Number of protein chains: 2
Amino acid sequence: MKKDEFQLRCPLPLRDHPTVQMAHGGGGRLMRDLIESLFLPAFGEEKGVDRLAERISTNDQRPTINEPHSAPHDSAVVEIGGQRLAFTTDTYTVSPLFFPGGDIGHLAVFGTVNDLAMAGAKPLWLSAGFVLEEGLPMETLARIVQSMATAAREAGVRIVTGDTKVVDKGKGDGVFINTAGIGVIPSGIEVHPRRVRPDDVVLVSGDLGRHGMAVMSVREGLEFESEIVSDCASLAGLVEALLAEGAEIHCLRDLTRGGLAAALNEIALDVAVGVDLDEQAIPVTGPVAAACEILGLDPLYVANEGRLVAFVSPASAPRALKILQEHSGAFQPAIIGGVTAEHPGTVVLKNPFGGRRILDLLSGEQLPRIC
Amino acid sequence: MKKDEFQLRCPLPLRDHPTVQMAHGGGGRLMRDLIESLFLPAFGEEKGVDRLAERISTNDQRPTINEPHSAPHDSAVVEIGGQRLAFTTDTYTVSPLFFPGGDIGHLAVFGTVNDLAMAGAKPLWLSAGFVLEEGLPMETLARIVQSMATAAREAGVRIVTGDTKVVDKGKGDGVFINTAGIGVIPSGIEVHPRRVRPDDVVLVSGDLGRHGMAVMSVREGLEFESEIVSDCASLAGLVEALLAEGAEIHCLRDLTRGGLAAALNEIALDVAVGVDLDEQAIPVTGPVAAACEILGLDPLYVANEGRLVAFVSPASAPRALKILQEHSGAFQPAIIGGVTAEHPGTVVLKNPFGGRRILDLLSGEQLPRIC
């Protein structure tokens with residue numbers, strides 16, 4: 001394609017940015033633009049509104065798309081022999097490679113496991129693709145591989161296939177890891193943004209922002225009064241518990257890039273509902289709040305790697321909260337708000353003094369390369 | 001793990017190389033060492049001889065490993081609901097991004113499709129994980145995404161899930177793409193290195209070395225009399241034709257990093273058989289032979305991205321050759337040798353004058369970053 005041709009065809013958001021910016025990978029508005037303007041038109045079969053997510057049946061070999069909405073980082077759901085599989089991928093480029101509470105190896109396993117779990121799937125198998133920079137100490141690689149193995153055991157998955165590429169010194173950054181994952185969705189389980197309804201109750205499984213601030217503290221050499229340890233962990237067990245107990249779970253989303261704000265905005269936009277949050281109910285620990293204040297960050301936008309937000313029917317909410325409170329994978333879980341038919345596409349934060357502010361999607365990410 | 005601890009535990013091949021070298025990603029001996037010394041002990045469930053490949057059953061939730069041998073870049077075979085799935089991954093870091101006959105987008109789709117096809121699977125779904133370098137022209141990304149879409153249509157697969165990460169300028173190299181793929185292995189199909197037998201006939205589906213030399217010509221700014229165009233293509237159709245016709249195909253391997261020599265050596269080592277090749281029968285086009293001579297390269301070690309080597313029962317060999325000759329996905333296919341119980345683990349090249357030389361596995365790759 002010649003340059004002119006591209007510019008003619010190129011949708012407005014991309015014409016505004018003729019080169020890739022850090023924000024295009026930040027989980028915010030620019031990444032959404034990139035996906036909607038470039039990836040979906042190329043890879044989606046349908047060009048219309050319904051092109052986003054897919055349930056694909058191999059019965060007729062012609063994939064069929066019958067789910068109206070999804071969001072960028074969901075697992076795809078494919079069907080084979082009557083069995084629904086969740087399939088997802090993520091590349092991990094966190095810098096630095098090691099941080100309090102984990103490393104890139106933990107993230108690479110837990111992140112993909114969590115994406116599968118958010119589709120209600122039982123995660124089973126992972127692939128691992130490494131891009132190593134020439135000169136990386138072999139000891140560093142060995143530590144990372146070891147933590148992947150440990151994390152896989154913890155999450156109950158197997159790493160069954162892999163690939164290694166090496167790039168010249170200065171053309172990479174130590175190690176990048178891609179993992180793709182396959183999980184099985186038990187029959188009867190339907191966890192999906194399209195099931196979100198007005199009056200749904202919104203819960204979080206724990207305190208916000210810990211992973212992002214843990215990475216940040218190492219990167220910036222900051223010392224806080226108490227060390228902030230990443231929350232990175234598998235959410236598979238927690239999801240299994242929620243689903244096993246028969247609580248009516250409509251939708252799950254793990255909080256990664258862009259934090260709670262990005263997760264809720266994506267769903268609000270994709271499903272065209274509003275979300276009202278009670279600012280006081282949102283759990284943020286003292287050290288994270290203090291660190292955010294020092295750095296001028298809003299914890300609602302800071303990434304976790306072991307927390308989820310759940311959309312639950314009002315009747316099931318107390319039960320869901322109880323399950324979370326009793327599960328070791330949650331910490332300070334809370335009901336933080338609800339879904340509304342008003343202000344579709346918008347997340348509103350209410351403070352105890354009656355104040356209201358819109359919790360918008362940022363352009364990019366306050367903290368790049370935290371996962 | 002502390003440094004001392006690592007060095008104590010670290011197997012000899014890795015202690016010889018305390019840092020990652022380009023050759024660790026080159027498809028040769030060093031990559032094999034890395035996989036066997038580091039990845040397999042960490043990710044394989046069994047520590048013994050049989051740990052390499054896996055067929056995993058979800059019936060009892062405890063993965064079982066019952067295939068004695070595999071080789072580093074095979075698809076994993078997993079079982080779900082009585083259906084066998086092939087699952088594989090590859091990251092593409094080719095430099096430059098565009099070359100005669102293709103680009104990184106074509107490679108990312110065809111390469112993974114071909115890995116699935118080598119397990120006898122019908123490729124169905126791909127994931128795509130992008131690592132973009134800040135400052136990459138959006139136009140370049142758009143061209144690559146477009147060729148992925150075209151390649152996916154050609155290969156009959158869907159790209160159903162994806163991820164985008166952006167790294168700071170100078171911490172990547174334009175774009176790296178990981179694809180993972182899922183395919184279905186039709187019942188009754190058993191294509192696997194462990195089926196290789198002495199007396200099997202060895203065929204190639206076409207001329208060697210074209211992809212590597214096409215990339216090389218752009219990278220080095222070389223001009224040859226006639227342009228060398230990459231052979232990169234999907235092998236799925238060719239494999240389907242071979243399997244549909246009932247020829248007794250024991251094993252398939254696509255020729256990528258390390259070329260024909262690496263593919264045959266891997267199988268010879270993994271299955272403990274010898275391979276005898278007739279040097280004169282191996283197809284190399286004039287321009288590739290000339291270019292290799294100028295650069296001092298051996299075409300038997302140069303990568304293809306649309307060629308396979310097949311191990312076929314003696315009775316089926318003429319039929320397999322005929323299928324290849326009539327298929328548009330093959331070019332100058334040929335019977336190039338056979339398997340022998342003698343010299344297990346070794347590939348021997350015979351010339352018409354009675355000369356014999358061992359075609360060894362190189363340490364790394366003559367041409368780094370060709371895929």
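All values reported here derive from a predicted model rather than from experimental measurement.

Criteria and thresholds
Along each chain, numbering runs from 1 in the same order as the chain's sequence is written. Throughout, the order in which chains and ligands are written sets their labels, letters from A for the former and numbers from 1 for the latter. Predicted model: local features are reported for residues with pLDDT of at least 70 only, side-chain atom pairs are reported and counted for 80 or more only, and whole-chain, interface and lining totals are derived from all residues. Strands here mean DSSP runs of E at least two residues long; helices mean DSSP runs of H or I at least four residues long; both are numbered from the N terminus. Note that contacts rest on C-beta atoms placed from the backbone: two residues are in contact if these are within 7 Å. Residue type decides the class: Asp, Glu, Lys and Arg count as charged, Ala, Val, Leu, Ile, Met, Phe, Trp, Tyr, Cys and Pro as nonpolar, and the leftover types, Gly among them, as polar. The fit set for superposing copies consists of C-alpha atoms from residues with pLDDT of at least 70 in both; the fit itself is least squares. Strand pairing requires that DSSP identify at least two bridges connecting the strands. To get an axis, a line is fitted to the C-alpha atoms, and for a helix only the part in contact is used. The angle between two axes follows their N-to-C directions and goes from 0 to 180 degrees. For every residue, the other C-beta atoms within 10 Å of its own C-beta are counted; 20 or more classify it as buried, 12 or fewer as exposed, and values in between as partly exposed. C-beta atoms are placed from the backbone. Oblique is the label for any angle not under 35 degrees, not over 145, and not in the 65 to 115 range, which are roughly parallel, roughly antiparallel and roughly perpendicular in turn. By the definition used in this description, the sense in which the near helix is turned from the far one sets the handedness, with an anticlockwise turn below a right angle giving left-handed and a clockwise turn giving right-handed. pLDDT gives the predictor's per-residue confidence on a scale running from 0 to 100.

### With respect to the overall build of chain A
Argument step 1. A count of helices and strands for chain A gives 10 helices and 15 strands.
Argument step 2. Within chain A, contacts between residues separated by at least 24 positions form 81% of all contacts whose residues are at least 6 apart in sequence.

### Here we look at the interface of chain B and chain A
Argument step 1. Facing 75 residues of chain B, the contacting portion of chain A comprises 75 residues.
Argument step 2. If you list the elements that add at least two residues to the side of chain B that touches chain A, you get α1 (3–9), α3 (29–43), β2 (76–80), β3 (83–92), β6 (122–133), α5 (138–155), β7 (158–167) and β8 (175–185) of chain B.
Argument step 3. Considering every element that reaches the side of chain B that touches chain A, the biggest residue donor is β7(B), with 10 residues.
Argument step 4. For the side of chain B that touches chain A, a count of residues per class yields 39 nonpolar, 23 polar and 13 charged.

### Topic: the relation of the copies chain B and chain A
Mapping between the two copies of the chain is achieved by a rotation about an axis and a shift along the axis.
Argument step 1. With an RMSD of 0.0 Å, the operation that places chain B on chain A is a rotation of 180 degrees combined with a shift of 0.0 Å along the axis. Between the two chains, the operation in question is that of a two-fold axis. When each C-alpha of chain B is compared by its distance to the rotation axis, Gly172(B) comes out closest, at 2.2 Å.
Argument step 2. Here 100% of the interface residues in chain B have copies in chain A that are interface residues too; the copies meet face to matching face.

### Things to note about the sheet that holds strand β15 (residues 356–358) of chain B
All names here are of chain B.
Argument step 1. In spatial order, the strands read β10-β12-β9-β13-β11-β14-β15; together these 7 strands make up an open sheet with mixed pairing. Whereas interior strands pair on both sides, the edge strands pair on one side only; in this sheet they are β10 (249–254) and β15. If you compare each strand with its neighbour and ignore which way they point, the axes differ by 25 degrees on average.
Argument step 2. Lying over the sheet, helix α10 (residues 317–326) contacts β9 (201–204), β10, β12 (308–312) and β13 (334–340), oriented at roughly 5 degrees with respect to β9.

### A short note on the environment of Val191(B)
All names here are of chain B.
Argument step 1. Position of Val191 among the secondary structure elements: in the loop between β8 and β9.
Argument step 2. Note: C-alpha distance between Val191 and Ala121 (70 residues apart in sequence) is 9.0 Å.
Argument step 3. Look past the residues within four positions of Val191 in its chain and what remains in contact with it is Ala119, Gly120, Ile249, Cys251 and Leu252.

### Quick notes on the pairing of β8(B)
Every regular strand shows the same layout, with side chains that alternate between the two sheet faces.
Residue and element names in this part refer to chain B.
Argument step 1. Buried residues dominate β8, accounting for 11 of its 11 residues.
Argument step 2. Burial of β8 is two-sided: the residues Val175, Ile177, Thr179, Gly181, Gly183 and Ile185 facing one way and the residues Phe176, Asn178, Ala180, Ile182 and Val184 facing the other way are all buried.
Argument step 3. Pairing of β6 with β8 involves 10 bridges; the strand directions are antiparallel. By the bridge assignment, Trp125 is partnered in β8 with Ile182.

### Here's the deal with the packing of helix α5 (residues 138–155) of chain A against α3(B)
Argument step 1. α3(B) packs onto α5(A) with a crossing angle of 15 degrees between their chain directions and a minimal axis gap of 9 Å. Put simply, α5(A) runs roughly parallel to α3(B). α3(B) is crossed by α5(A), and the crossing has right-handed handedness. From α5(A), Leu141(A), Ala142(A), Val145(A), Gln146(A), Met148(A) and Ala149(A) reach across to α3(B), where they touch Leu38(B), Phe39(B), Ala42(B) and Phe43(B).
Argument step 2. Per-class residue counts for the contact of α5(A) with α3(B) are 9 nonpolar, 1 polar and no charged.

### A closer look at the pairing of β13(B)
All names here are of chain B.
Argument step 1. Both β9 and β13 contribute to a ladder of 4 bridges, which runs antiparallel. When the bridges of β13 are listed, Val201 appears paired with Gly338.
Argument step 2. Here strand β11 (residues 274–278) pairs with β13 via 4 bridges, running antiparallel. Its bridge partner being in β13, Val275 is matched across the sheet by Val339.

### Looking at unusual backbone geometry
Residues and elements named next belong to chain A.
Argument step 1. The peptide bond linking Ser95 to Pro96 adopts the cis configuration, its omega dihedral lying at 0 degrees.
Argument step 2. The topology assignment puts Pro96 in the loop between β3 (83–92) and β4 (98–99).
Argument step 3. For Gln332, which is not glycine, the phi torsion reads 55 degrees and is therefore positive.
Argument step 4. Looking at where Gln332 falls in the secondary structure, it is placed in the loop between α10 (317–326) and β13 (334–340).
Argument step 5. Residue class for Gln332 comes out partly exposed when judged on the 14 C-beta atoms lying within 10 Å of it.

### Notes on the confidence of the model for chain A
Argument step 1. Looking at chain A, pLDDT values average 88 and 88% of them are 70 or higher.
Argument step 2. Here the predicted complex scores 0.91 on pTM and 0.91 on ipTM.

### A short note on the sheet that holds strand β12 (residues 308–312) of chain A
Residues and elements named next belong to chain A.
Argument step 1. Judged by pairing direction, the sheet is mixed, and its 7 strands sit side by side in the order β10-β12-β9-β13-β11-β14-β15 without closing on themselves. The open sheet terminates on both sides in strands that have one partner only, identified here as β10 (249–254) and β15 (356–358). Neighbour to neighbour, the strand axes of the sheet diverge by 25 degrees on average, direction disregarded.
Argument step 2. Direction of pairing for strand β9 (residues 201–204) relative to β12: antiparallel, over a ladder of 4 bridges. The residue bridging Val204 from the neighbouring strand is Val309, located in β12.

### Focus: the environment of Phe130(B)
Residue and element names in this part refer to chain B.
Argument step 1. By the element assignment, Phe130 lies in strand β6.
Argument step 2. Placed 50 residues apart in sequence, Phe130 and Ala180 show a C-alpha to C-alpha distance of 12 Å.
Argument step 3. Phe130 has contacts with Thr164, Lys165, Val175 and Ile177, leaving out every residue within four places of it along the chain.

### Focus: the packing of helix α6 (residues 210–219) of chain B against helix α9 (residues 286–295) of chain B
Residue and element names in this part refer to chain B.
Argument step 1. Following both chains from N to C, one finds α6 and α9 inclined at 55 degrees, their axes separated by 10 Å at the closest point. Looking at the two axes, α6 sits oblique to α9. α6 and α9 meet at a crossing whose hand is left-handed. Contacts from Arg210, Met213, Met216 and Ser217 in α6 reach Val288, Ala291, Cys292 and Leu295 in α9.
Argument step 2. Its residues assigned to classes, the contact of α6 with α9 shows 6 nonpolar, 1 polar and 1 charged.

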